[in-house]
Amino acid sequence: MAHVELSLSDVFVPAARTPTEPGGDNVGTWSATVSHADEPCLLIDAGTRVVAISAAGCELLCLGAPEAVVGLPLLEGGLRLLDFTAARHELPEQETDKIPPLLALHSGRLARGLLRVQPAGDDSTYATVDAISTPVLTEGSVSGSLTFFSAI
């Protein structure tokens, strides 16, 4: 008969809302992580400016190099959104607030949805991506959103 032994020990658990770096906020903390991530991801601040984007995120969203996108407003930084009709028209401005990164930012809740993106100057190719976004909180209020993407 097998013998199983179980041992319990105390584990250090940081207190809720304890910053991992002195003087750091969540957007700043996530910025370094997103910038170096192998996964396609994006971090925007409360003003919808791109704070950080991974190289894989730029490639998947047809945005070029991360350095060219960081600091620009999300929808003015080259992200070209298309609707899901057969004609693939550019997404109307009134519909852009419904994309997951902006929805998570404005609602303060998780958001998920599909996006169809197209490289600037290339009307023949496009990509469809699944986006999952979460609000980033600083001192209890929404200060940005973090989005992970997956190709469909």
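For the structure given in this document, a descriptive report is provided here. (Residues numbered from 1 in each chain as written. Predicted model: local features only at pLDDT ≥ 70, side-chain atom pairs only at ≥ 80, totals over all residues. Heavy atoms only, no water.)

Let's shift gears to the environment of threonine 128. Among the structural elements, threonine 128 can be located in strand β5 (residues 127–138). The class for threonine 128 is buried, based on a relative accessible area of 16%. Between the alpha carbons of threonine 128 and arginine 116 there is a distance of 4.4 Å; along the sequence they are twelve residues apart. Each residue touching threonine 128, except ones within four places of it in the same chain, is listed here: Phe84, Leu115, Arg116, Ser150, Ala151 and Ile152. (Helix = DSSP H or I, 4+ residues; strand = E, 2+ residues; numbered from the N terminus. Buried < 20%, exposed > 50% of the residue type's maximum accessible area, 1.4 Å probe, protein only. Contact = heavy atoms within 4.5 Å.)

Right, let's talk about the sheet that holds strand β3 (residues 81–82) for a bit. Spatially, β2-β1-β6-β5-β4-β3 is the arrangement adopted by the six strands of the open sheet, whose pairing is antiparallel. With one partner strand each, in any of the chains shown, β2 (50–53) and β3 form the two edges of the open sheet. Bridge count for strand β1 (residues 41–45) against β2 is three bridges, and the pairing is antiparallel. Bridge assignment links leucine 43 to a residue of β2, and that residue is alanine 52. Helix α1 (residues 26–35) rests against β1, β2, β5 and β6 (141–151) of the sheet, and its axis sits at about 35° to β2. (Pairing = 2+ DSSP bridges. Axes fitted to C-alpha atoms, helices over the stretch in contact; angles between N-to-C directions.)

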